[in-house]
Amino acid sequence: MTTAIEVRIPTILRPFTKDQKVVAASGETLSAVIADLDVQYPGISERLLENGALRRFINLYVNDEDVRFLGGLEAPVKNGDSITILPAVAGG
Amino acid sequence: MTLKISKAHVDAMLAQSRAEYPDEACGVILGPQGKDQALRLKPMINAAHSPTFYEFDPKDLLSLYREIDDNDEEIVVIYHSHTETEAYPSRTDIAYAGEPGAHYVLVSTREEIAPATEFRSYRIIDGVVTEEEVSISE
């Protein structure tokens, strides 16, 4: 059993996860977890990434820490970690 | 859909928008999950500190969602001010609107153009803006 990372999905992405608020994924880096999510829920990675980088207006946290301070997509994750995805609340 | 909102909340949003001028002001009104009742106003810091942009600080954003989860609440209203333009969603507002269930409220503080402050509400879903009625109670 390797799927031991909890990923919290925001409302706007729940159409991908059949309305599930929390899903399980596996991987040793954030990037690998996103790739695994996309295998389970095809199309979701495109909403998180743009040209291979995190989208500016998607916030990702590993255990409540903003991944921008943890190495971005290369942020290490391990079993038992919790990843939270939140769309930025922003505009002009 | 109609946004039902109290006059006290409207006044608080207008006062905050004027106080933070020339920067855009922003915040949320929360209510019990699934009820569409705007009950608890929570001003947020505009981390962009800009007259043309607003953004909740990522740390504040996470705390906000944790608080909502803990209290079984939802974001009913997301509001922000436009300092020099009308109370209509800008292209950036539409591009970044990430809460399909929320009422997006726009307050315009451009008094030299419109003598009365504009206050309008919208749904923004998949890039489509729909203005809605606002019903203000005492």
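Residues numbered from 1 in each chain as written. Chains lettered and ligands numbered in written order. Predicted model: local features only at pLDDT ≥ 70, side-chain atom pairs only at ≥ 80, totals over all residues.

Asks: Residues and numbers for the sheet that holds strand 3 (residues 40-44) of chain B, please.
Replies: All names here are of chain B. The strand order 1-8-7-6-5-2-3 describes an open sheet built from 7 strands, whose pairing is mixed. Both outer strands of the open sheet, strand 1 (2-6) and strand 3, are each paired with one neighbouring strand and no more. Looking at each pair of strands side by side, their axes are set apart by 30° on average, direction ignored. Bridging between strand 1 and strand 8 (residues 128-137) involves 5 bridges; their strand directions are parallel. Its bridge partner lying in strand 8, Thr 2 is registered against Glu 133. Together, strand 1, strand 2 (26-32), strand 3, strand 5 (73-82), strand 6 (103-108), strand 7 (118-125) and strand 8 form the strand contacts of helix 1 (residues 7-20), whose direction differs from that of strand 1 by roughly 85°. On the sheet, helix 2 (residues 58-70) packs against strand 2, strand 3 and strand 5 and is oriented at approximately 145° with respect to strand 5. (Pairing = 2+ DSSP bridges. Helix = DSSP H or I, 4+ residues; strand = E, 2+ residues; numbered from the N terminus. Axes fitted to C-alpha atoms, helices over the stretch in contact; angles between N-to-C directions. Contact = placed C-beta atoms within 7 Å.)

Asks: Go over the sheet that holds strand 2 (residues 22-25) of chain A, please, and point to the residues and values.
Replies: Spatially, 5 strands are ordered 2-1-7-5-6 (chain A) in an open sheet, and the strand pairing comes out mixed. Pairing within the sheet leaves two strands with one partner each, and these edge strands are strand 2 and strand 6 (65-66) of chain A. Across 5 bridges, strand 5 (residues 58-62) of chain A lies against strand 7 (residues 82-87) of chain A in antiparallel orientation. Following the sheet pairing, Tyr 61 of chain A is matched in strand 7 of chain A by Thr 84 of chain A. Helix 2 of chain B contacts strand 5, strand 6 and strand 7 of chain A of the sheet and is inclined by roughly 105° relative to strand 7 of chain A.

Asks: Lay out the interface of chain A and chain B in plain terms, naming residues and giving numbers.
Replies: A common measure of how large an interface is: the accessible area buried when the components associate. Listed as interface residues are 16 residues of chain A and, on the opposing side, 20 residues of chain B. Elements that contribute at least two residues to the side of chain A that touches chain B include exactly strand 5, strand 7 and strand 8 (90-91) of chain A. The biggest single contributor to the side of chain A that touches chain B is strand 7 of chain A, with 3 residues. Grouping the constituent residues of the side of chain A that touches chain B by class yields 9 nonpolar, 5 polar and 2 charged. (Nonpolar A, V, L, I, M, F, W, Y, C, P; charged D, E, K, R; others polar.)

Asks: Which residues make up the environment of Ser 31 of chain A, and what values do they have?
Replies: All names here are of chain A. Position of Ser 31 relative to the elements: it lies in helix 1 (residues 30-40). Measuring from C-alpha to C-alpha, the distance between Ser 31 and Val 89 comes to 23 Å, with 58 residues separating the pair along the chain. Among all residues touching Ser 31, those that are not within four sequence positions of it are Leu 73 and Glu 74.

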